[in-house]
Amino acid sequence: MILISFAVVSLILNIRDNSRVIIYAVYDGDFNGAWFEFREDGTYKYVDHAGIGADITRGNYQIKDSIITLDKNKIGNMIVSNTLIIREENYGNSKYKVLYQINKNNIIINRNFKFLIDNDLQD
């Protein structure tokens, strides 16, 4: 019975994550870190990890232009806004896309806490 339960849970998780990731954004905090997977079907997965443990939060999002709106106002201790913005920044001779949290006045909450967007997603 336990093996059947594990198989059903595994199947459900595989089906839930079947949609293609269109935006993958990662925060590297050395020992800890986090990342978002925004999927084509309007769902996201947020993983916050520290050492050997991780918290996973799933939900729905909407995107309009460079603004992403999450269905949750707060996730753990790190995500304190349901509104994210994609910006392009220069690092030396390179340009990178980053993801920031913004407040209700569209002001970046913390410039030091940003997710780098991976532009190398495979189809």
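To start, this report covers the structure provided alongside it. Nothing here was measured: the structure is a model prediction, and the numbers come from that model.

A word on the overall build of the chain
Tallying secondary structure elements over the chain gives one helix and eight strands in all. Helices and strands appear in the chain in the N-to-C order α-β-β-β-β-β-β-β-β. Sorting the 123 residues of the chain into buried and exposed places 32% on the buried side. Here the chain displays about 8,400 Å² of accessible surface, and carbon together with sulfur accounts for 51% of that area.

Examining the environment of E40
With respect to the helices, strands and loops of the structure, E40 is situated in the loop between β2 (32-39) and β3 (43-50). Among residues more than four places away in sequence, those in contact with E40 are S19, R20 and I22.

Considerations on the pairing of strand β7 (residues 94-101)
In this structure, strand β6 (residues 83-91) lies alongside β7, joined through eight bridges in antiparallel fashion. Its bridge partner lying in β7, R87 is registered against V98. Linking β6 back to β7 in an antiparallel pair, the connection comprises two residues, with G92 at a positive phi of about 65°. Note: β7 against strand β8 (residues 115-118), two bridges, orientation antiparallel. Pairing of L99 across the sheet is with F115, part of β8.

Scoring rules and cut-offs
- Residues numbered from 1 in each chain as written.
- Predicted model: local features only at pLDDT ≥ 70, side-chain atom pairs only at ≥ 80, totals over all residues.
- Heavy atoms only, no water.
- Helix = DSSP H or I, 4+ residues; strand = E, 2+ residues; numbered from the N terminus.
- Buried < 20%, exposed > 50% of the residue type's maximum accessible area, 1.4 Å probe, protein only.
- Areas by Shrake-Rupley, 256 points an atom, 1.4 Å probe, with all protein chains shown as cover.
- Contact = heavy atoms within 4.5 Å.
- Pairing = 2+ DSSP bridges.

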